[in-house]
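# Commentary on secondary and tertiary structure
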Amino acid sequence: MLARRIIPCLDIKDGRVVKGTSFVGLRDAGDPVELAQRYNTQSADELVFLDITASKENRGTTLELAARLARELFIPFTIGGGISTPEDIHALVSAGADKTSVNSAALRNPDLISEGAKHFGSQCIVVAIDAKRVPESKPIRWEVFSHGGQPQHRTRCRRLGAGGGRAWGRRNPAHQYGRRRAQGRLRP
């Protein structure tokens, strides 16, 4: 039997963690680094940070947040939101992220998945798929959303090289988080 892993996903807006339902009614939930430290203390296996307004506002994820998280965390983390080029992926990984998460850009340009996997390895590319069941559809149908809740078309992310995705929940056992382990920052 596969081991269960605890991977909290924190939505970020304006540099703060927010809580809401279906991207509406958002309320402030705290500082991302403080909450990350709390999850770290509570033995979360990994953390995911998604800037839910970056694509909608046509801007990239803040590199400063990635660098702050890398300095303070001792567990792997994924960061996403506003990633639209391999250069964006490189900047986030260089700032300390273990993985990057793409959503809107992967729907707009599916080649970003394969380009990212080719340059950084599939273990660094996660495709975040926000899906909602279409009410009363026969057969059952799901619609994919991006840009903080806007409907989009489907994509074949796995075939293009994504190493993981929130919708799949699959762990790539080959990824050993070597950089953090080599730096003595990863718990045994």
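Two packed helices can be described by the angle between their axes and the distance between those axes. Packing of helix α3 (residues 86-95) against helix α5 (residues 111-120) leaves a shortest axis separation of 9 Å and a crossing angle of 45°. Classed by the angle they form, the pair α3 and α5 counts as oblique. In this structure, the crossing between α3 and α5 has a hand that is right-handed. The segment α3 lies against α5, with P86, I89 and H90 engaging L112, E115, G116 and F120. Of the residues in the contact of α3 with α5, the class split is four nonpolar, two polar and one charged.

All chains considered together, the criterion is met by seven salt bridges. The salt bridge involving E46 is made with R5; its shortest N-O contact spans 3.0 Å. Note that E46 is positioned in the loop between α1 (32-41) and β4 (47-51) and R5 in the segment before β1 (9-13), a separation of 41 residues in sequence. Residues R16 and D28 are paired through a salt bridge, measuring 2.8 Å at the closest nitrogen-oxygen approach. Taken together, the residues span a long stretch of sequence, with R16 in strand β2 (residues 16-21) and D28 in strand β3 (residues 24-30) at a distance of twelve residues. Taking the relative accessible area as the measure of exposure, R16 reaches 32% and is therefore partly exposed. One connected set of salt bridges, linked through shared partners, spans R5, E46 and K99.

What counts and what doesn't
- Residues numbered from 1 in each chain as written.
- Predicted model: local features only at pLDDT ≥ 70, side-chain atom pairs only at ≥ 80, totals over all residues.
- Heavy atoms only, no water.
- Axes fitted to C-alpha atoms, helices over the stretch in contact; angles between N-to-C directions.
- Helix = DSSP H or I, 4+ residues; strand = E, 2+ residues; numbered from the N terminus.
- Parallel < 35°, antiparallel > 145°, perpendicular 65-115°, else oblique.
- Left-handed = near helix turned anticlockwise from the far one by under 90°.
- Contact = heavy atoms within 4.5 Å.
- Nonpolar A, V, L, I, M, F, W, Y, C, P; charged D, E, K, R; others polar.
- Salt bridge = Lys/Arg side-chain N within 4 Å of Asp/Glu carboxyl O.
- Buried < 20%, exposed > 50% of the residue type's maximum accessible area, 1.4 Å probe, protein only.

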